[in-house]
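Residue-level structure breakdown
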Amino acid sequence: DTGVSQDPRHKITKRGQNVTFRCDPISEHNRLYWYRQTLGQGPEFLTYFQNEAQLEKSRLLSDRFSAERPKGSFSTLEIQRTEQGDSAMYLCASNLKRGATGELFFGEGSRLTVL
Amino acid sequence: GENVEQHPSTLSVQEGDSAVIKCTYSDSASNYFPWYKQELGKRPQLIIDIRSNVGEKKDQRIAVTLNKTAKHFSLHITETQPEDSAVYFCAARSGGSNYKLTFGKGTLLTVNP
């Protein structure tokens, strides 16, 4: 499968613990996004990378959240001191800056449950 | 920032009927409007999109219309089939950003055989 892959698919953690999610975009894609999706809602934008540069962070991303994309390839999203309100599906997506369309290619998501 | 409203939140139709989902957006400079389909437990996938310089686009049983003056766009599915059952999300890309999509809350479409 040459699509966007995310790991882990599911994570259950206790409040206060740290968690890290990984995203491997489609190999030639230079743009990478993280979105958060809660039950009954559409995906909400969290952050955006063009190559290795993080160009925008949503106000939804508190200081407990950090994202990186070293070398402009895979990306990680870390949540420190998790809270119950962090429980959600974290979706990664990628595309090309100069793609024919603006289509986002999503991964299957990483579902976080904070107990 | 951009705000996208989507209606209805749930829609139930009989197989073969048409389904229409409507969205409004707030930023008059928005220029790109995709629709994504998300089946249960699966990733969202693009089904059709339209740019602001076009009023209508069709792909087999699916069509999207855009009214820039009223700032709304709609998804039309004709001859619905049970496999069309899913959650559909509209989205808009603000003119101030060439990358960020703002999504609606989604419509759960159920097609009854």
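Attention in this report is confined to the structure presented alongside it. Nothing here was measured: the structure is a model prediction, and the numbers come from that model. (Residues numbered from 1 in each chain as written. Chains lettered and ligands numbered in written order. Predicted model: local features only at pLDDT ≥ 70, side-chain atom pairs only at ≥ 80, totals over all residues. Heavy atoms only, no water.)

1. Some words on the overall build of chain B
Applicable threshold: Under the scheme used here, helices are H or I runs from DSSP no shorter than 4 residues and strands are E runs no shorter than 2 residues, and both carry numbers assigned from the N terminus. In this treatment the radius of gyration is a C-alpha quantity, and the globule benchmark scales as 2.2 Å times the residue count to the 0.38 power. Partly exposed describes any residue whose relative accessible area lies between the buried limit of under 20% and the exposed limit of over 50%, with all areas from a 1.4 Å probe on protein chains only and scaled to the type maximum. Throughout, the Shrake-Rupley method with a 1.4 Å probe supplies accessible areas, and for residues the shown protein chains are the sole cover considered. Counted as positive: Lys and Arg. Counted as negative: Asp and Glu, with His and the chain ends omitted from the count. By convention, charge coordinates are those of NZ in Lys, CZ in Arg, CG in Asp, or CD in Glu.
Within chain B one finds zero helices and 11 strands. Helices and strands in chain B line up, N terminus first, as β-β-β-β-β-β-β-β-β-β-β. Computed over the C-alpha atoms, the radius of gyration of chain B is 13 Å, within 12% of the 13 Å expected from 2.2 N^0.38 for a compact globule of 113 residues. Its C-alpha atoms give chain B principal-axis dimensions of roughly 45 × 30 × 20 Å. Burial status across chain B gives 43% buried among its 113 residues. Taken as a whole, chain B presents about 5600 Å² of accessible surface, with 47% of it coming from carbon and sulfur. One finds the centroid of the 13 positive side-chain charges in chain B at a distance of 8 Å from the centroid of its 12 negative side-chain charges.

2. Focus on the pattern of salt bridges
Note the following rule: By convention in these notes, a salt bridge is any Lys or Arg side-chain nitrogen within 4 Å of a carboxyl oxygen on Asp or Glu.
Applying the stated criterion across every chain yields a total of eight salt bridges over all chains. Among the ionic pairs, Glu 39 of chain B bridges to Lys 37 of chain B, the shortest N-O distance being 3.6 Å. With a closest N to O distance of 2.9 Å, Asp 49 of chain B and Lys 57 of chain B form a salt bridge. Asp 49 of chain B gets classed as buried once you look at its relative accessible area, which sits at 9%. The class for Lys 57 of chain B is partly exposed, based on a relative accessible area of 37%. If you follow the salt bridges from partner to partner, you end up with Arg 64, Glu 83 and Asp 86 of chain A in one network.

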